[in-house]
Amino acid sequence: MKKQISKYVKMLFLGIIMCLGMALSVHAEGSGQFFQFDGEKWNKEEFSWTDSQGQIWYAHEYGTNGEAIISAVTEAVMELQVPSYVYKNGVAKKVIGIGSYRPDAEYDYTWARFGCFYYDGKYDNGMLYKVILPDTLCYVAPYAFSTDNRFGGGKDAFDGLAAVQLPQNPRLVIGESAFYGDKNLQIVHFNDAVGGAQPVKIEKQAFGNCPKLEEITFPPTGAYNEIDKEAFYSYGECNLKRIYNAPSELELGWDQYCADVEEVSFAEGLTYVGGISTIVAYEWNEDGSPSHGQGEYIKTLKKVTLPSTLKEIGWDAFKDNKNLTYINLPEGLTTIGSYAFAGCTALTGFTSLPASVSGGIGEGAFMGCKNLHLENVYIHGTDSLKYQFTDSGIVSIRIGADVKYTVGAMFKGCTSLKEITVDAGHPYLSSQDGVLYSKVYKSSGGEVAGSSIFTYPAGKSWAGSYTLPSDVVLLGGFAFDSCKFTEIHIPARVLDLDYDSMASIGDRNTYYAFDSIKDSCKLYVVKNSYVDN
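Counting restarts for each chain, with residues numbered from 1 along the sequence as it is written. Local features in this predicted model are restricted to residues whose pLDDT is 70 or higher, and side-chain atom pairs enter the listing and the counts only when it is 80 or higher, whereas totals over whole chains, interfaces and linings include all residues. The basis for the side-chain values is all heavy atoms of the structure; hydrogens and waters are excluded.

Asks: Please explain the overall build of the chain as it appears in this structure.
Replies: Here a strand is any run of E in DSSP of at least two residues, a helix any run of H or I of at least four, and the numbering for each starts at the N terminus. For the chain, the count of helices and strands is two helices and 40 strands. The rule is simple: take the accessible area with a 1.4 Å probe, protein chains only, and divide by the maximum for that residue type; under 20% is buried, over 50% is exposed, in between is partly exposed. For the chain, with 533 residues in total, the buried portion stands at 50%. Whether two residues touch is decided by their heavy atoms; if any such pair falls within 4.5 Å, the residues are in contact. The long-range fraction of contacts in the chain, counting pairs at least 24 apart against all pairs at least 6 apart in sequence, stands at 51%. Using a 1.4 Å probe, accessible areas were evaluated by the Shrake-Rupley method; residue-level cover was limited to the displayed protein chains. For the chain, the exposed surface amounts to about 24700 Å²; the carbon and sulfur share of it is 50%.

Structure below.
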């Protein structure tokens, strides 16, 4: 009986290993072995085959392994099912690609070498509406279904193309400008009926200038996909609104031609996300078309979903998306780039940060996120805390002893801030009852003369009277920024009211300690004291 159980265990173990091996082999093939076109394998001699529907297919043999690339079809219907095999002299040839190639082209450029798949339908307009590609196919050649006849596209044949079902093939490559300029293309579907998800390689401008394409879902194999960041780059209209399983970065083209991308999910497996950008023009031609511009990240997002594998969010990635309300920050995230969420005034989707990101929050990362009420934020593992949370809705924060470089305005405009705490052992900062203090020295490196109020949390203040603690000898530059106090009592020991001390009590347009607060907050000082004089 024991031997029988042992046998079953071994069989189960081997089965698991085989399954893992199969899964890894598919990913390995997809990540490093996408189809690579070799012009030397293209047979110039075209052959034809008539299928059972009377459609005449034209193809070229590719290599010597019984493979072929289809280049044309006549007598076809508007919904075209591309065959898995064509026949030459009765011998089957597996269809691995679609498009045309010009081996004798004068110029060695993609646009010169490749041309469109020729389609001639049974109907008068000759226009293709839907194409279904077989799972044997691993190559949609450059310009195969493009309407851009400047570079070998088919000007009229694909104007009506509305839907494409792509094959389930781990070597799939969608070539440069393959569907460029297809004005009616609305649905791009990756066939997942066979064998689950697949990786894919998509070259630049493959779906550029497709104004009716509003949504696309890539295969969920993000770490293994190779999607050129200019896959949707358009010189005309780009109306993408929803992108699912997106690559780490996309560039969509000129801002004035691009619609409002509202939702994006980035693919699992990605460790870095850089965002989605357009080019914003600053110079125009006489006809109103843009001539010069600079890249900027889009500002129209409402919802963003990040992968659980994510480690880093790039600089400016989601900056100024004022309608962005939801984004998830996964555990394991270690870096949030400078100004990544700056200006996202509607962001409310979370109240805490992953512990893993405590030392990797870039300058200005959450600046201006007024409705993001972060609690129990712990900053350590870094030597700098500057403008990460300025003018945000942060509620409470803990500062590590290793955070040595700070600025007075780091909590400027934080009207919801109620508590600041500092770890023991910090060289110059401390906290008491949620208020942030700093040490004041008689001379550099000398004896401590007292303390300075660095920041009094605005959300902790009240509309009433406040008396400075007896050991306070100085007020920091933004000590009472955004506070609600109506009067402040200053003991004789205070040596100075630093520039900006009462920053936004009263007139928010000026920051002089007395002038900015004289109409809203009364200051009581000891007669003939330093600050009185």
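On we go.
Asks: Can you help me understand the pattern of salt bridges in this one?
Replies: Oppositely charged side chains can form a pair if their charged atoms are brought close together. Any Lys or Arg side-chain nitrogen found within 4 Å of a carboxyl oxygen on Asp or Glu counts as a salt bridge. Following the criterion strictly, the structure yields nine salt bridges and no others. The shortest N-O distance in the salt bridge between Lys-88 and Glu-61 comes to 2.7 Å. Residue Lys-88 is located in strand S5 (residues 85-88), and its partner Glu-61 is located in strand S2 (residues 56-62); the two are separated by 27 residues in the primary sequence. The two residues Lys-88 and Glu-61 agree in class, both being buried. Ionic pairing is found between Arg-398 and Asp-423, a salt bridge with its closest N-O pair at 2.7 Å. Remark: Asp-423 occurs in the loop between strand S32 (419-422) and strand S33 (429-432) and Arg-398 occurs in strand S30 (residues 396-399); sequence separation between them is 25 residues.

Asks: What exactly am I supposed to notice about the nonpolar core here?
Replies: Most often, soluble globular proteins keep nonpolar side chains buried together rather than apart. Residues Phe-145, Ile-174, Ile-313, Phe-318, Phe-341, Phe-366 and Phe-389 are the most contacted members of the largest nonpolar core, which totals 103 residues. Beyond its immediate chain neighbours, meaning those up to four positions away, Phe-318 contacts Phe-266, Val-273, Leu-301, Val-304, Leu-306, Ile-313, Leu-324, Ile-327, Ala-340, Phe-341 and Cys-344. Nine residue types can take part in a nonpolar core, namely buried Ala, Val, Leu, Ile, Met, Phe, Trp, Tyr and Cys, and a core is a set of them joined through side-chain atoms within 4.5 Å. One finds Tyr-437, Ile-453, Leu-475 and Phe-485 within the second-largest nonpolar core, a separate group that totals 16 residues.

Asks: Whenever I open this one, the sheet that holds strand S38 (residues 487-490) confuses me. Can you help?
Replies: Two strands in a sheet stick together by hydrogen bonds in their backbones, pointing the same way (parallel) or opposite ways (antiparallel). Taken together, three strands build an open sheet; the order of strands is S36-S38-S40 and the sheet is parallel. With one partner strand each, in any of the chains shown, strand S36 (465-467) and strand S40 (522-525) form the two edges of the open sheet. Direction aside, the axes of adjacent strands within the sheet are offset by 15° on average. Pairs of strands are assigned from DSSP output, requiring at least two bridges between the strands. Summarising the sheet, S36 and S38 pair through three bridges and their orientation is parallel. Counterpart to Tyr-466 in the pairing with S38 is Ile-488. Axis lines are fitted through C-alpha atoms, for helices just across the contact stretch, and the angle between N-to-C directions can take any value from 0 to 180 degrees.

Asks: For this particular structure, what's the right way to read the sheet that holds strand S12 (residues 163-166)?
Replies: Overall, parallel pairing links the four strands, which are arranged S4-S10-S12-S14 in an open sheet. Both edges of this open sheet fall to strand S4 (79-81) and strand S14 (187-190), since each of them pairs with a single strand only. Strand-to-strand twist across the sheet, computed as the mean angle between neighbouring axes with direction ignored, equals 10°. Judged from the three bridges that link them, S4 and strand S10 (residues 130-132) form a sheet pairing that is parallel. Bridge assignment links Leu-80 to a residue of S10, and that residue is Val-131.

Asks: Before we go on, may I ask you to explain the packing of aromatic side chains in this structure?
Replies: For any two aromatic rings, the description comes down to two numbers: the centre-to-centre distance and the angle of the planes. Each Phe, Tyr or Trp ring (for Trp, its six-membered ring) is paired with any other whose centre lies within 6.5 Å, and the angle between the two planes then decides the class: stacked below 30 degrees, edge-to-face above 60, tilted in between. Applying the stated criterion across every chain, the model contains 33 aromatic pairs. Ring geometry for Phe-207 against Phe-232: centres 5.7 Å apart, planes inclined by 25°, an arrangement best described as stacked. With a gap of 25 residues between them, Phe-207 in the loop between strand S15 (201-202) and strand S16 (215-217) and Phe-232 in the loop between strand S17 (226-227) and strand S18 (242-246) connect regions that are remote in the sequence. You'll find Phe-207 and Phe-232 in the same group, each marked buried. Of the aromatic side chains, those joined through ring pairs into one cluster are Phe-117, Phe-145, Phe-158, Phe-179, Phe-190, Phe-207, Phe-218 and Phe-232. Think of it as a cone above the ring: NZ of Lys or CZ of Arg counts as a charge over the ring if it is within 6 Å of the ring centre and within 35 degrees of the ring normal. Across from the ring centre of Tyr-326, 5.6 Å away, lies the NZ or CZ of Lys-303, which sits over that ring.

Asks: Just checking my understanding: could you explain the environment of Pro-142 for this structure?
Replies: One can find Pro-142 in the loop between strand S11 (139-140) and S12. What makes Pro-142 buried here is its relative accessible area of 2%. Separated by 35 residues in sequence, Pro-142 and Ser-177 have C-alpha atoms that sit 5.6 Å apart.

Asks: In this structure, what is going on with unusual backbone geometry? I would like to understand it.
Replies: The phi angle of most residues is negative, glycine excepted, and most peptide bonds adopt the trans form. The phi dihedral of Asn-89 is positive, around 55°, even though this residue is not glycine. With respect to the helices and strands, Asn-89 occurs in the loop between S5 and strand S6 (91-98). For Asn-89, a relative accessible area of 73% puts it in the exposed group. If you check the backbone angles, Asn-376 has positive phi at about 55° while not being a glycine. With respect to the element layout, Asn-376 can be found in the loop between strand S27 (335-336) and strand S28 (377-379).

Asks: Mind showing me how you'd approach a nonpolar patch on the surface here?
Replies: The residues that make up patches have over 30% relative accessible area and no salt bridge, and they are joined within 9 Å when like-charged or within 5 Å when they are Val, Leu, Ile, Met, Phe, Trp or Tyr. A cluster of nonpolar residues, Tyr-107, Tyr-109 and Trp-111, forms a patch on the protein surface that exposes about 340 Å² of accessible area. Here Trp-111 shows up in helix H2 (residues 110-113). On the basis of relative accessible area, Trp-111 is assigned to the partly exposed category, the value being 37%.

Asks: Hey, could you run me through the side chain of Asn-169 in this one?
Replies: Relative to the assigned elements, Asn-169 resides in the loop between S12 and strand S13 (173-174). Overall, the relative accessible area of 10% leaves Asn-169 in the buried class. Polar contact is the term for a pair of N or O atoms within 3.5 Å; when the atoms are in protein, one must be able to donate a hydrogen and the other to accept it, and sequence-neighboring residues count only if both atoms are side-chain atoms. In terms of polar contacts, Asn-169 uses its side chain to reach the backbone carbonyl oxygen of Leu-137, at 3.5 Å. Setting aside anything within four residues of it in sequence, one finds Asn-169 in contact with Asp-135, Thr-136, Leu-137, Cys-138, Gln-198 and Pro-199.

Asks: I keep staring at the environment of Ile-187 and nothing clicks. Help me out?
Replies: Along the chain, Ile-187 turns up in strand S14. Given the relative accessible area of 49%, Ile-187 is considered partly exposed. Along the chain, Ile-187 and Leu-161 lie 26 residues apart, while their C-alpha atoms are 9.5 Å from each other. Ile-187 has contacts with Ala-162, Ala-163, Val-164 and Leu-213, leaving out every residue within four places of it along the chain.

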